[in-house]
Amino acid sequence: MENYVYIALFAPLVSSLFAALFAQKPKIQLVGIVTSVLIIVSLLASLTLLLHIEETGKAVSVTLMDWIQAGDMDIKFGFTVDQVTAVMMSVVTLVSSVVHVYSNYYMESDRSFNRFFSYLSAFVFSMMILVMSDNFLGLFIGWEGVGVCSWLLIGFWYDKKDVTRDINPSISPSWAANEAFIMNRIADLGMLVGIFMIYWNLGTLKYSEVFAHLDTLSHGMLVGIGIALFIGAMGKSAQFPLHTWLADAMEGPTPVSALIHAATMVTAGVYLVIRANPLYSQIPEVGYFIAVLGTFVAIFAASMALVNRDLKRVIAYSTLSQLGYMFAAAGLGAYWVALFHLAAHAFFKALLFVGAGNVMHAMHDELDMFKMGGLKKQMKWTFLYMGVASLALSGIYPFAGFFSKDTILEAAFNEHTYGIWFVLWFTAGLTAFYSFRQVFMVFFGDERYHELGVHPHEAKPYALWAMAPLAVLALIFGFFKEDFVEFVTKFLPAYEMSEHTEHMVWILTIVTTAIALTGIIIAYFKYSKGLKRNLEFEKKNKVYNLLINQYYIPILYEKTFSKPYKELSEIAWKEIDMEIVDAGVDGIAKAVKVMGDESRKMQNGNLSSYLKWMVAGFIIVTVVSLLTVVIK
Amino acid sequence: MSNILTLLIFFPLIAAIFGFFVNKNSIRVYGIAVSAAEFLLSLWLWKSYDSAQAGFQFVEKMPLIPDFGISYYLGVDGISLFIVIMATLMTMIGIIALSVKDGLKNLIITLLFLEVAMVGVFVSLDVILFYVFWEFSLVPMLYIIGAWGGSKRVYAAIKFFIYTFAGSLVMLVGILYLAYLYYTTTGVWSFSLTDWYALLLPMTVQKYLFWAFFLGFAIKVPMFPFHTWLPYAHGQAPTVGSVILAAVLLKMGSYGFVRFSLPLFPDASVAYITPVAVIAIIMIIYTAMVAYAQKDMKQVIAYSSISHMGVIIIGTFAMNAEGISGSIFQMLSHGIVSGALFMLVGVIYDRRHTKLMSEFGGLAKVMPTYATIFVIMTMASVGLPLTIGFIGEYLSLAGFFKVSPLMTVIAGTSIIVGAVYMLSLVKKSFFGPVTNPENEKLKDLDSKELWALIPLVAIVVWLGIYPKPVLGPINNSTKALVQLMHNKAQTPEAKKIILVSKKAKEAK
């Protein structure tokens, strides 16, 4: 079995390096095929491991080699595949495989086809390190690795220039890439501090040893570690207030958005909380905070999705919102529920994004939904796929989202945190509304795209086939809930609903489905017949403007952080470094020179002036010596 | 071979003198051959070095002025070994990448003299010998900046010389006073560092001496507010000068802290952790901001050097093996990475004769290989795991966390502010459309430049993934150093803060 661990881990690396060999060459179709095959190999190895662990119930661990040894710190490249890891690996490689195959279609006419695949596979490799490592520093390698790959891929079309838009100060792929990287780094500092705390208190960073000795730590220390690690999670999973990068990350190619910014990387934070469940279950107050923040992000992000016109940004906000759901579940201690939603979400959200990719291709990269409409006719399959994904996202029976989201709501109800339950419940309605607003605006109503002069076309058959696994999973994954629970609760704590909740389940389900359906129906009446814009409303309405401008947060960040930092930097350089520090040094040098120049005048060759100096010197010496005598 | 250290010092010296008689046309080959031989010699040193031993090896001792206890005393341990190798490596690579046409012969000879001084500083165990090499290193650098530099080269060269020289003089006073103390305590004169290590100094004396040495080292590092000579020196120096200045000469200061300040004045070092750390934090954040404000590519790298040196200082004053090993590793990592970055800036300067970022934009499209290597070095510079830059930064911060969590968090912003100025540099120069028509036809890296840069890329990745061959010996010697400091410590505070590794304790 150990070999499968290595295959699953290193096949993506081989894939990335292979593609990198041709990075500067024009498109080679073989690169796309070979990388896709290697990722599928990794998928098969992951599935084999999943089945193996299912059979034996035991984790597979391997240690590759030493990494950092200094003082008492001893860190190895160690990997362990347990139930949680196996699920993560399978989800990651499955979505990656689909996206790799799909990218052959999506990127077919891109100048840097080969380079794209190199980055994409490198991302998969980093993600595998992240989920497979058996220690916190190994996780951190993957953590930073996915960050860099995300930077490379958001900025993939690096040669586009900065464009000023009304919503964002100035944005381009390279700008968005830097924003994402730097914002993640802020969070990574928190994570690093958490790692330091663990090391100095427990002397190790290995999960198994750390979690076995948590009881030796004071409660305050546990809280500190829990908060520090969660700050790290907030960056990767784009939780408020570090959320702005995710929407801007949509500047990257759409397959990237599907893989990195929907299905896998952004769920790393949730994975971290699930992984550290022995820690978080001992500090319920931090858990509660996580749940509240998650709930807030769920409704906060959903509200922005309600009005956005940008096809990809709507999905990005919806991702943000769903991450909030996952954190709500994890924070409340329902770890397997969070993991279940993570997996289900990965499938249907990736499907939704890839579908959006088809639409973008058909529309020649136009993203404004106000300029689409009626695409159902030309793009039957894409419509079907996106419909399935939206139904799953809205939580309609029998789609995957129904099972996973309902369980989160049940858990919130079960914990008697009715506030959280209510907000999440309401957000379910918003989710259904904006999802179907999108579906109706893109695929139904009047064909507004004629003005652009584009002739929409369906994606190539193999691209559509590549999407099929995700569609199937979005459809049937929910029915595996029982198996899933049985499998992962061998590792994660079981979360049982109380009897009271069991009684209420039917009512809860009906209530939740009702609000979801309401959302869909409202969207149907408002958008399926065609777009009726109310320009007066768009201009004047305060709430609408608040939402379309993302609560003015990007502008606020620009004004309170980016700009002052830049100005302060200028001051530090020009005013302080040059005018004070350096001028001080030169001042000392000049003072010495002036003193020399001045004292040189004494030596003017005039005997009488020499005598005057002598007398002056004599007087000074006498006075000084007299004074010292008197003082003594 | 027992005289390998002598050979390492004198081979470039003799080769430099011999170089005067070499024909102008073959001087490049000669320079590469000599520096390559010297580099191989240093690799041989590494091969013969016994990693399991923590103490000084290849020790040579020969009295020079016996009446004053001055001797020709050499030796290396894990702390100095790799800095020596880095010095020979960067000299070789600097010579390979030379694009200077005028006075090439003199430049190469000067570089070989500089190599003598650099190797000498790091292998000297006699303090007078150390001081001689320390000061001698200024002379070739003065020439390199003053003769081959930019338009304000004379100002920059003199500023560099006088500033660092002034600091060293204060250190010299400290050295002489310490020797006198040794004489009054033991009755014999000695300038051997290992003899001095045995000296137990009263706290009041330690405090004065600490600051005397501090001034010498701090100007060299350079630490805030003594850093302003550096941007001028880098701004005016030719590429090879900047490479060696950043890679090796700055390390003399940080090496001095590890070799002298910590073991000689352990109590004072512990007592002054806070002021030193505050200066280091100012270096990290303030110079990172100054770097962000720069318009000139080379100045960004120059100021980033100061910021990274701040992390090294933080690690040194962690007073535990984690932090000190990390700081020494970070010295190597910074040497390789900033050396490579300066070389990369030199590449574009050779083509465009400007270093202003506003002149560029979209270079990634025109020079893809160049951009790739630049991005790899950028990632190493911002401390990405699995590159060389991560390990030192991580260990330095981790080590200091034990001393002060709060200050570590503030110093840790290094990973954020470092990303800000480096990524903004990359964006301004490499991304976006090609706006300046002069950039449209730029040549990508040629074979000479690739020969210089690819080995550095290889080292960045290799030591990022498998640092053990280097970190192991460093760690061994560091543990012994910490043990020595702990044994010598007199104040209860120092006993508590100087943290001996558990593994070192168990081994006893």
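Predicted, not measured: the structure shown is a model, and the values here were computed from it.

1. Looking at the overall build of chain A
Inference 1: Scanning chain A for helices and strands turns up 25 helices and two strands.
Inference 2: Looking at chain A residue by residue over its 632 residues, the buried ones come to 54%.
Inference 3: Restricting to contacts in chain A with at least 6 residues of sequence separation, those with at least 24 account for 81%.

2. Here's the deal with the confidence of the model for chain B
Atomic detail in the predicted coordinates should be set aside for any region of low pLDDT.
Inference 1: Taken as a whole, chain B shows an average pLDDT of 93; of its residues, 99% reach a score of 70 or greater.
Inference 2: Reported confidences for the modelled complex are a pTM of 0.94 and an ipTM of 0.94.

3. Focus on the packing of helix H24 (residues 553–600) of chain A against helix H13 (residues 273–293) of chain B
To describe two helices that pack against each other, one gives the angle between their axes and the distance between the axes.
Inference 1: Relative orientation of the contacting elements H24 of chain A and H13 of chain B amounts to 100°, with a least axis distance of 7 Å. When the interaxial angle is binned, H24 of chain A and H13 of chain B end up roughly perpendicular. Taking contact as the criterion, the partners of Leu-568, Ser-569, Glu-570, Ala-572, Trp-573 and Asp-577 of chain A in H24 of chain A are, on H13 of chain B, Tyr-286, Met-289, Val-290, Tyr-292 and Ala-293 of chain B.
Inference 2: Of the residues that constitute the contact of H24 of chain A with H13 of chain B, the class distribution is eight nonpolar, one polar and two charged.

4. Topic: helix H21 (residues 499–527) of chain A
Residues and elements named next belong to chain A.
Inference 1: An ideal rise of 1.5 Å per residue puts 42 Å on 29 residues; H21 measures up with 42 Å between its terminal C-alpha atoms.
Inference 2: At Val-505, H21 is bent by approximately 50°, the largest bend along its length.
Inference 3: Residues of H21 that are buried include every one of Thr-512, Ile-515, Ala-516, Gly-519, Ile-520, Ala-523 and Tyr-527, and no others.
Inference 4: Of the surrounding secondary structure, the elements contacted by the buried residues of H21 are helix H16 (380–394), helix H17 (400–414) and helix H18 (418–443).

5. Comments concerning the interface of chain A and chain B
Inference 1: At the junction of the two partners, chain A supplies 39 residues and chain B supplies 48 residues.
Inference 2: Of all the secondary-structure elements, those providing two or more residues to the side of chain A that touches chain B are strand E1 (60–70), helix H5 (136–154), helix H6 (173–202) and H24 of chain A.
Inference 3: In terms of residue count, H6 of chain A provides more of the side of chain A that touches chain B than any other element does, 13 residues in total.
Inference 4: Looking at the side of chain A that touches chain B residue by residue, the classes come out as 21 nonpolar, eight polar and ten charged.

6. Considerations on the packing of helix H17 (residues 368–381) of chain B against helix H21 (residues 447–465) of chain B
All names here are of chain B.
Inference 1: At a minimum axis distance of 11 Å, the contact between H17 and H21 shows a crossing angle of 35°. For the pair H17 and H21, the crossing hand works out as left-handed. The residues of H21 that touch H17, namely those facing Ile-373, Ile-376 and Ala-380, are Leu-453, Val-457 and Val-460.
Inference 2: Broken down by class, the residue content of the contact of H17 with H21 amounts to six nonpolar, no polar and no charged.

Cut-offs used in this document
- Along each chain, residues carry numbers from 1 onward, in the same order as the chain's sequence is written.
- Key to labels: chains lettered from A, ligands numbered from 1, both in the order written.
- Residue-level local features of this predicted model are given only where pLDDT is at least 70; pairs of side-chain atoms are given and counted only at 80 or more, and the full residue set underlies all totals for whole chains, interfaces and linings.
- In this text, helices come from DSSP runs of H or I with a minimum length of four residues, and strands from runs of E with a minimum of two, each type numbered from the N-terminal end.
- Note on burial: count the other C-beta atoms lying within 10 Å of the residue's C-beta; 20 or more is buried, 12 or fewer is exposed, in between is partly exposed, and C-beta positions come from the backbone.
- Any pair of residues counts as being in contact when their C-beta atoms, constructed from backbone geometry, are within 7 Å of one another.
- Within a predicted model, pLDDT stands for the predictor's per-residue confidence, ranging from 0 to 100.
- Fitted lines through C-alpha atoms give the axes, limited to the stretch in contact for helices. The angle between two N-to-C directions lies from 0 to 180 degrees.
- An angle below 35 degrees is treated as roughly parallel, one above 145 as roughly antiparallel, one from 65 to 115 as roughly perpendicular, and anything else as oblique.
- Think of it as three bins: nonpolar holds Ala, Val, Leu, Ile, Met, Phe, Trp, Tyr, Cys and Pro, charged holds Asp, Glu, Lys and Arg, and polar takes everything else, Gly as well.
- The span you would expect from a helix comes to 1.5 Å times its residue count less one.
- Bend, in this description, refers to the angle at a residue between axes fitted to the seven residues ending there and the seven starting there.
- Crossings are sorted by hand: turned counterclockwise from the far helix by less than a right angle, the near helix makes the crossing left-handed, and turned clockwise it makes it right-handed.

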